[in-house]
Every structure is written in structure tokens, then in C-alpha cells.
Amino acid sequence: MIHAQHPARSTRQKLIPCHIFLVLGRTIKFGKLILFMPIYMDIHRVPGLEALDAAKAHQQDMAIQHEYHCKCMTYWIDELRGVVFCLIEAADKSSVEEM
């Protein structure tokens with residue numbers, strides 16, 4: 001998820017509430033065990049956000065993703081409309097929300 005500031009986990013400020021949608025998933029095979037890992041689209045409306053800010057926030061999220069058992073795969077930004085789309089692999093929606 002994109003955050004306004006990220007100097008330390010305890011002081012991070014989440015931006016405008018977002019919408020998180022399950023978009024697809026992939027199967028992971030460990031011997032005879034097959035797991036399904038959901039992939040979520042996390043959508044934020046962030047008026048005035050520029051591409052450089054989004055890139056910095058994405059790097060900061062990647063630095064802490066392991067704490068939430070998430071994998072920040074990629075993101076897209078529509079500067080004109082002020083919308084950021086983040087593709088995140090996680091076991092469940094609540095993990096994405098907490099990150």
C-alpha cells in the first residue's frame with residue numbers, strides 16, 4: 001500500500017482508505033502439496049501524487065512486506081486522475097490491509 005510517510009513502522013501514516021480486490025491467484029506446488037496464493041489489487045486515490053513519490057513508497061513497502069507475509073509485485077500510477085494501483089500477493093485480504 002502507498003503511505004504518506006514511512007520513516008518507521010510505528011509512525012507510518014496510511015493515506016486515503018483504499019479498495020482491495022482479489023484479482024487472480026497462482027498455485028504453488030511443494031511435492032504433493034498444492035497451495036493457492038491469492039493476488040490482490042490495492043487501489044488508492046491520492047490526489048497530487050507524482051510518480052517519484054509512488055516509486056519511493058513502493059520501495060518502502062517492499063522493505064517491510066515480509067513482516068506482513070506479503071509480496072509487493074508491482075504498481076501503476078495514473079497521475080492525471082490521482083490513482084495508484086498496487087498488485088500484492090498475500091495469503092488473505094487482511095494481510096494486505098495491515099501492511
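Residues numbered from 1 in each chain as written. Predicted model: local features only at pLDDT ≥ 70, side-chain atom pairs only at ≥ 80, totals over all residues. Heavy atoms only, no water.

## Examining the overall build of the protein chain
Working step 1: When helices and strands are counted, the protein chain shows two helices and six strands.
Working step 2: Written out in order from the N terminus, the α and β elements of the protein chain read β-β-β-β-α-β-β-α.
Working step 3: Among the 99 residues that make up the protein chain, the fraction classed as buried is 36%.
Working step 4: Across the protein chain, contacts joining residues at least 24 apart in sequence account for 55% of those joining residues at least 6 apart.
Working step 5: Entry remark: accessible area of the protein chain is about 6200 Å², with carbon and sulfur atoms responsible for 58%. (Helix = DSSP H or I, 4+ residues; strand = E, 2+ residues; numbered from the N terminus. Buried < 20%, exposed > 50% of the residue type's maximum accessible area, 1.4 Å probe, protein only. Contact = heavy atoms within 4.5 Å. Areas by Shrake-Rupley, 256 points an atom, 1.4 Å probe, with all protein chains shown as cover.)

## Some points on the nonpolar core
Working step 1: Of all hydrophobic cores here, the largest spans 14 residues; its most connected members are C70, I88 and M99.
Working step 2: Only α1 (51-64), β5 (70-78) and β6 (83-90) provide two or more residues apiece to this core.
Working step 3: With four residues, β6 is the largest single contributor of residues to this core.
Working step 4: Ranked by size, the runner-up nonpolar core spans five residues in total, among them M41, I43, V83 and L87. (Core = buried A, V, L, I, M, F, W, Y, C linked by side-chain atoms within 4.5 Å.)

## Considerations on the pairing of β5
Regular strands have side chains that alternate between both faces of the sheet.
Working step 1: Of the pairings in the sheet, the one linking β5 to β6 comprises eight bridges and is antiparallel in character. Considered in β6, the bridge of D78 is made with V83.
Working step 2: In textbook terms, the turn of a hairpin is the stretch between consecutive antiparallel strands, and for β5 and β6 this stretch comprises four residues, one of which, G82, has a positive phi near 70°. (Pairing = 2+ DSSP bridges.)

## Quick word on a nonpolar patch on the surface
Working step 1: Together, F30, L33 and L35 make up an exposed nonpolar region whose accessible area comes to about 290 Å².
Working step 2: With respect to the helices and strands, the residue L33 is situated in strand β4 (residues 33-45).
Working step 3: For L33, a relative accessible area of 48% gives the class partly exposed. (Patch = residues over 30% accessible without salt bridge, like charges linked within 9 Å, V, L, I, M, F, W, Y side chains within 5 Å. Salt bridge = Lys/Arg side-chain N within 4 Å of Asp/Glu carboxyl O.)

## Considering the pattern of salt bridges
Working step 1: For the structure shown, the criterion picks out one salt bridge.
Working step 2: When the shortest N-O distance is used, the salt bridge between R81 and D78 registers 2.8 Å.

## Re the side chain of E89
Working step 1: Of note, E89 is situated in strand β6.
Working step 2: Once residues lying within four places of it in the same chain are set aside, the contact partners of E89 are R26, M37, P38, I39, H69, C70, K71 and M73.

## A short note on the environment of E50
Working step 1: Turning to its location among the elements, E50 is positioned in the loop between β4 and α1.
Working step 2: Judged by its relative accessible area of 48%, E50 is partly exposed.
Working step 3: Once the C-alpha coordinates of E50 and V84 are considered, the two residues, 34 residues apart in sequence, prove to be 9.9 Å apart.
Working step 4: Sequence-distant contacts of E50, that is, excluding residues within four places in its chain, are made with I77 and E79.

Function-wise, these values are silent; they only describe arrangement.
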